[in-house]
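# Fold and geometry: a report
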Amino acid sequence: MSNQRNGDTKPPCLPRNGLVKIPTQPNGLGSASITKGTPAVKNRLCQPSSVPAILSPALANHSDLPIPSLASPLSLAALAGVSSPPSASLVGLNSSEASPGKEQPSPERLPGSPSERQLAVDEKILNRLFWYFSACEKCVLAQVCKVWRRVLYQPKFWVGLTPVLHTKELYNILPSGEKEFVSLQGFAVRGFDGFCLVGVSDLDICEFIDNYPLSKKGVKSMSLKRSTITDAGLEVMLEQMQGVVRLELSGCNDFTEAGLWSSLNARITALSVSDCINVADDAIAAISQLLPNLTELNLQAYHVTDTALAYFTAKQGYTTHTLRLNSCWEITNHGVVNMVHSLPNLSVLSLSGCSKVTDDGVELVAENLRKLRSLDLSWCPRITDMALEYIACDLHKLEELVLDRCVRITDTGLSYLSTMSSLRSLYLRWCCQVQDFGLKHLLSMGSLRLLSLAGCPLLTTTGLSGLVQLQELEELELTNCPGATPELFKYFSQHLPCCMVIE
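These numbers were taken from a predicted model, which means no experiment stands behind them. In this numbering scheme, every chain counts its residues from 1 along its sequence in written order. Side-chain atom pairs in this predicted model are given and counted only at pLDDT of 80 or more, local residue features only at pLDDT of at least 70, and totals for whole chains, interfaces and linings cover all residues. Working from all heavy atoms in the structure, the side-chain values ignore hydrogens and water.

## With respect to the overall build of the protein
Of the regular secondary structure elements, the protein holds 21 helices and 20 strands. Here the protein, with 503 residues, has 52% of them falling under the buried criterion. A sequence separation of at least 24 residues applies to 73% of the contacts in the protein between residues at least 6 apart. Throughout, the Shrake-Rupley method with a 1.4 Å probe supplies accessible areas, and for residues the shown protein chains are the sole cover considered. Summed over its atoms, the accessible surface of the protein is roughly 21,900 Å², and 52% of this surface lies on carbon and sulfur atoms. Only DSSP runs of H or I reaching four residues or more are called helices, and only runs of E reaching two or more are called strands; each is numbered from the N terminus. Here's how the labels work: a residue is buried when its accessible area is under 20% of the maximum for its type, exposed when over 50%, partly exposed in between, all with a 1.4 Å probe on protein chains only. Only heavy atoms enter the contact rule, under which two residues are in contact if any of them lie within 4.5 Å.

## Overview of the environment of Trp131
Mapping Trp131 onto the fold places it in the loop between helix H6 (123-129) and helix H7 (135-141). Given the relative accessible area of 45%, Trp131 is considered partly exposed. In this structure, the C-alpha to C-alpha distance between Trp131 and Phe157, residues 26 residues apart in sequence, is 7.0 Å. Setting aside residues up to four positions removed in sequence, Trp131 forms contacts with Lys156 and Phe157.

## Section: the packing of aromatic side chains
A pair of aromatic rings is counted whenever rings of Phe, Tyr or Trp (Trp by its six-membered ring) have centres within 6.5 Å, and the orientation is called stacked for planes under 30 degrees apart, edge-to-face for over 60 and tilted otherwise. Inspection of the entire model under this criterion finds 13 aromatic pairs. Through a chain of ring-to-ring contacts, three or more aromatic side chains come together here, namely Trp158, Phe187, Phe192, Phe195, Phe208 and Tyr212. Over the face of the ring belonging to Tyr171 we find Lys179, whose NZ or CZ atom lies 4.3 Å from the ring centre. Of note, Arg190 hangs over the ring of Tyr153, and the distance from its end group to the ring centre comes to 4.4 Å. For a lysine, the NZ atom is tested; for an arginine, the CZ atom; a charge sits over a ring if that atom is within 6 Å of the ring centre and within 35 degrees of the ring normal.

## Some remarks on the pattern of salt bridges
Salt bridges are defined as contacts in which a side-chain nitrogen from Lys or Arg sits within 4 Å of a carboxyl oxygen from Asp or Glu. Applying the stated criterion to the full structure yields seven salt bridges. Between Glu123 and Arg150 there is a salt bridge, with the nearest N and O atoms lying 2.5 Å from each other. Note that Glu123 is positioned in helix H6 and Arg150 in helix H8 (residues 146-152), a separation of 27 residues in sequence. When its relative accessible area of 33% is taken as the criterion, Glu123 is described as partly exposed. You can call Arg150 partly exposed: its relative accessible area is 49%. In this structure, Glu296 and Arg324 form a salt bridge, with 3.0 Å as the shortest nitrogen-oxygen distance. One end of the pair, Glu296, is in strand E12 (residues 296-300); the other, Arg324, is in strand E13 (residues 322-325), with 28 residues separating them in the sequence. Using a relative accessible area of 24% as the deciding quantity, one classes Glu296 as partly exposed.

## Considerations on the pairing of E12
Extensive coverage of E12 is indicated by the burial of four of its five residues. As paired elements, strand E11 (residues 270-274) and E12 share five bridges and run parallel to each other. Looking at the pairing, Ser274 lines up with Gln300 of E12. Seen with the strands pointing away from the viewer, any crossover whose path from the first strand over the helix to the second strand runs clockwise is right-handed. Handedness of the E11-helix H13 (residues 281-290)-E12 crossover: right-handed. One requirement defines pairing of two strands: DSSP has to find at least two bridges between them.

## Some thoughts on helix H10 (residues 202-211)
Every buried residue belonging to H10 is among Asp204, Ile205, Phe208 and Ile209, and all of these are buried. What you see down the axis of H10 is that its buried residues fit within an arc of 140°, all on one side. Facing away from the buried side of H10 by over 90 degrees, the exposed positions are Leu203 and Asp210. Here the buried face of H10 lies against strand E6 (171-173), strand E7 (179-181), strand E8 (194-198), strand E9 (221-225) and helix H11 (231-240). Arc, as used here, means the arc of the directions from the helix axis to the C-beta atoms.

## A few points about the confidence of the model for the protein
pLDDT expresses, on a scale from 0 to 100, how confident the predictor is about each individual residue. For the protein, the mean per-residue pLDDT works out to 83, and 78% of the residues sit at or above 70. This model gives residues 1-101 a pLDDT under 50, and the stretch forms 202 contacts once residues within four places in sequence are excluded.

## Some details on the pairing of E8
The buried fraction of E8 amounts to five of the five residues, a majority that puts the element mostly inside the structure. Residues Gly194, Cys196 and Val198 of E8 are buried on one face, and the alternating residues Phe195 and Leu197, pointing to the opposite face, are buried as well. As defined by bridge partners, strand E5 (residues 162-166) adjoins E8 across three bridges and the pair is classed as parallel. Residue pairing in the sheet places Leu165 in a bridge with Leu197 of E8.

## As for the environment of Leu238
As for its position among the elements, Leu238 is in helix H11. Judged by relative accessible area, which is 2%, Leu238 ranks as buried. Residues Leu238 and Ile268 lie 30 residues apart in sequence; the distance between their C-alpha atoms is 9.6 Å. Those residues in contact with Leu238, other than ones at most four positions away along the chain, are Val244, Leu247, Ser263, Leu264, Arg267 and Ile268.

## Focus: H11
Listed as buried for H11 are Gly233, Leu234, Met237 and Leu238. Down the axis of H11, the buried set is contained in an arc of 120°. They therefore lie on one face.

## Looking at unusual backbone geometry
Positioned with a positive phi, Arg226 is a non-glycine residue whose angle comes to about 45°. One can find Arg226 in the loop between E9 and H11. You can call Arg226 exposed: its relative accessible area is 57%. Here the phi dihedral of Asp275 falls at roughly 55°; this positive angle occurs in a residue that is not glycine. Structurally, Asp275 can be placed in the loop between E11 and H13. Owing to a relative accessible area of 39%, Asp275 belongs among the partly exposed residues under this scheme.

Take a look at the structure:
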């Protein structure tokens, strides 16, 4: 559950991609992963945190009972007087399914005095205490005893989490050599309403539908990644799983645009399609015609052109608030014209990697999409300081601006941004022309809560030290920043005690 390096124990989650991975068990389902949250949230999940003092004095006074903490996932098990198995809990299966030969201890069999045992299984205490553990740790703690498992298997502890299952983890190999689909009852008890399936085929999806008790009505979100699903499989899945309103298809190269025409259903409100080679303008036509209630569209497709952005209907112009066009290389300023007129109510827009969009395109966005709260222009090499002037003048509600790898942005552009009183998150990763003088413009932005300067090569320790004036800053990223020295981090810890500084 933890990585050992130089004697230090690190939390069992990976901050960069938000995956919480459980060591593999013999039946294969042990490596199921759980994802949650935004990048900022994922980083915070890995920060050590003390558990509040909700234990009674009787338990707190026992020096031989360790106090649980996020840095020690098994400490609460030790508190109860039992040791967890050497390998971690399965995400989907309960302990009796994971280890058929082992029975979980009952509360009355726990060691210690009766009062200690009673305290360790007090469900009122446990219901409060378990909120302070990560998903990975909850999977382990659910193995301690039946009471803990009963408490932890309440759906409230798993809201917002998405199990990630790889195709090899969906089957057990029987002694005869035949494959048997695993039991998903542990997922159903916890009320999971979203799944990510990786590397699955049409048959695997049918097996999932047949074996997951909540598949027909209870699953709201489905994500298929690097899978061989065909048009027929996609049609069957969306026909059988009547509750799905959020769909993601990533790296699925066997379905075609015809499959979208035959399978998309009007109940879908959020759609994400990326790295699917058969997606082009006709796919956007299907989306625009078949999804009148669409609120969010995430698209990464190399062959979508400007024409497709004019397909959206009047109703979608009213309902769609989020559009992310990532690495749509063929989109130009003409496509931006079509987009701002088709979808005037956007509050979140990403043109990340749309390398043909220029300052004129950003001007169109700023003049026509005044409701924007989040704008991502990362990896747009033609964007200059002029685009930032348009943004600062017209987008008064903007809270998040991403300018990663916009290599033409200089200190002058930052001076324009300094007038934006609503901006809370600013990403300037690898903006290679930003210098110390530019940072001085940011010091007047009292609204900033998150600032990323990762990879900015011209920033010095002196310039960065001035950021202590941003006392409301909650997160500061200085990864791969040459001016970020150990002395600077120590200085920040003293003068920005409430800010999480990412080295």
